[in-house]
Amino acid sequence: MIRSVITGTGSALPAKCVTNAELAERVDTSDDWIVERTGIRQRYIADEHEFTSTLATKAARAALEAAGIDASEIGLIVLATATPDHTFPATATQVQAALGCGGGIAFDVQAVCSGFLYALATADSMLRTSMAQKALVIGAETFSRILDWEDRTTCVLFGDGAGAVVLEAQDVAGDGPGILASRLHAEGTHKDMLYVDGGPSTTGTVGHLRMKGREVFRHAVVNLADVLKEVLADTDLDAGDIDWVVPHQANARILDATARKLDLPAEKVVVTVDRHANTSAASVPLALDTAVRDGRIKAGDLVMFEAMGGGFTWGASLARM
Ligand code: UT7
């Protein structure tokens with residue numbers, strides 16, 4: 001059967017790292033509060049010359065190198081971001097130009113923190129219907145540009161970064177590698193709990209992120225546990241079969257609570273929120289690349305990806321590496 005197989009991963013972070021203690025000099029917060037409530041210890045912040053496309057291109061190059069293929073072989077780029085370089089054209093087209101692989105398909109997907117899951121499922125469908133053979137799926141963000149740096153309830157939570165995977169259509173056996181199942185959801189009635197108070201069609205400004213954190217937290221734990229169960233049911237597998245969970249990195253307490261709901265041991269959950277904070281659409285591929293490069297995730301492992309974000313949007317995918 002034709003499946004979309006992850007053949008390479010890559011990631012990129014800005015050079016500048018900002019600790020909780022440094023943030024505490026700007027807003028009324030403390031390292032203790034941030035660590036206890038979120039697990040975050042530091043985040044990376046893009047400088048004025050680093051854009052979403054800059055980080056995305058670096059992550060894409062690393063993924064191409066890991067997959068051992070040339071950019072010219074890529075026929076599809078799906079880039080998830082809520083912080084594009086420009087309102088248009090799509091940041092994916094700028095990455096395509098930087099990589100020098102024009103002529104194929106390139107577009108952005110906007111599902112905020114669930115963006116990578118939406119992009120992965122979209123690219124998977126397109127590969128399995130032969131619209132392309134090899135794809136780059138990228139999550140890249142510069143959330144620092146849409147934060148209200150006076151608002152301690154949000155500005156301490158987010159960071160910048162990018163992650164990418166190369167996805168290749170391959171004819172594999174039933175127990176072979178590839179994306180086994182994906183489920184995506186959206187519930188637009190919750191917009192006011194997590195949104196940006198600007199945009200080209202409303203205020204004409206970029207705006208700032210606004211969040212009712214406690215409400216988002218409550219929905220996240222329930223929605224994530226439900227969507228993970230749906231994907232397991234689709235594949236006739238149980239939580240005990242999963243080797244690794246690579247979740248969206250919003251809050252260490254959400255990761256713990258979701259794992260507990262599924263009876264998954266905490267050791268199977270890849271956690272990078274302490275180092276990267278919440279990088280929105282970049283967080284899942286950044287965490288995946290971290291665990292692949294440090295040798296935890298290996299060929300043959302069953303890996304669950306999951307995320308929940310603004311919209312609300314949420315989703316999960318199960319893949320054999
Ligand atoms: O990626 C998209 C999805 N996003 C998420 O999943 C985020 C989900 N939500 C969360 O992670 C948590 O709700 C937060 C980390 C955002 C907040 O944690 P919390 O335990 O829900 O705290 P809270 O919002 O209930 O605030 C508790 C107290 C408040 O003070 P009072 O009203 O009790 O006096 C806040 O004003 O903590 C205060 N507070 C802070 N104190 C020090 C809020 N932010 C800070 C801060 N430093 N940075």
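All values reported here derive from a predicted model rather than from experimental measurement.

1. So, the environment of Val222
By the secondary structure assignment, Val222 is in helix 7 (residues 213–235). Along the sequence, Val222 and Ala63 sit 159 residues apart, while their C-alpha atoms lie 33 Å from each other.

2. Side note on the sheet that holds strand 11 (residues 244–247)
With mixed pairing, the four strands of this open sheet are ordered in space as 8-13-12-11. Only two strands of the sheet have a single partner each, and these edge strands are strand 8 (178–186) and strand 11. The mean inter-strand angle of the sheet, taken between neighbouring strand axes irrespective of direction, is 15 degrees. One ladder, built from eight bridges, connects strand 8 with strand 13 (residues 313–320); its direction is antiparallel. Directly across from Leu184, in strand 13, lies its bridge partner Gly315.

3. With respect to the packing of helix 7 against helix 8 (residues 252–261)
Contact geometry of helix 7 with helix 8 gives a least axis separation of 9 Å together with a crossing angle of 40 degrees. Looking at the two axes, helix 7 sits oblique to helix 8. The way helix 7 lies across helix 8 gives a crossing that is right-handed. Residue-level contacts link Phe217, Ala220, Val221, Leu224, Ala225 and Leu228 of helix 7 to Arg253, Ile254, Ala257, Thr258 and Lys261 of helix 8. For the contact of helix 7 with helix 8, the class distribution of residues is eight nonpolar, one polar and two charged.

Rules used in this analysis
Residues numbered from 1 in each chain as written. Predicted model: local features only at pLDDT ≥ 70, side-chain atom pairs only at ≥ 80, totals over all residues. Heavy atoms only, no water. Helix = DSSP H or I, 4+ residues; strand = E, 2+ residues; numbered from the N terminus. Pairing = 2+ DSSP bridges. Axes fitted to C-alpha atoms, helices over the stretch in contact; angles between N-to-C directions. Parallel < 35°, antiparallel > 145°, perpendicular 65-115°, else oblique. Left-handed = near helix turned anticlockwise from the far one by under 90°. Contact = heavy atoms within 4.5 Å. Nonpolar A, V, L, I, M, F, W, Y, C, P; charged D, E, K, R; others polar.

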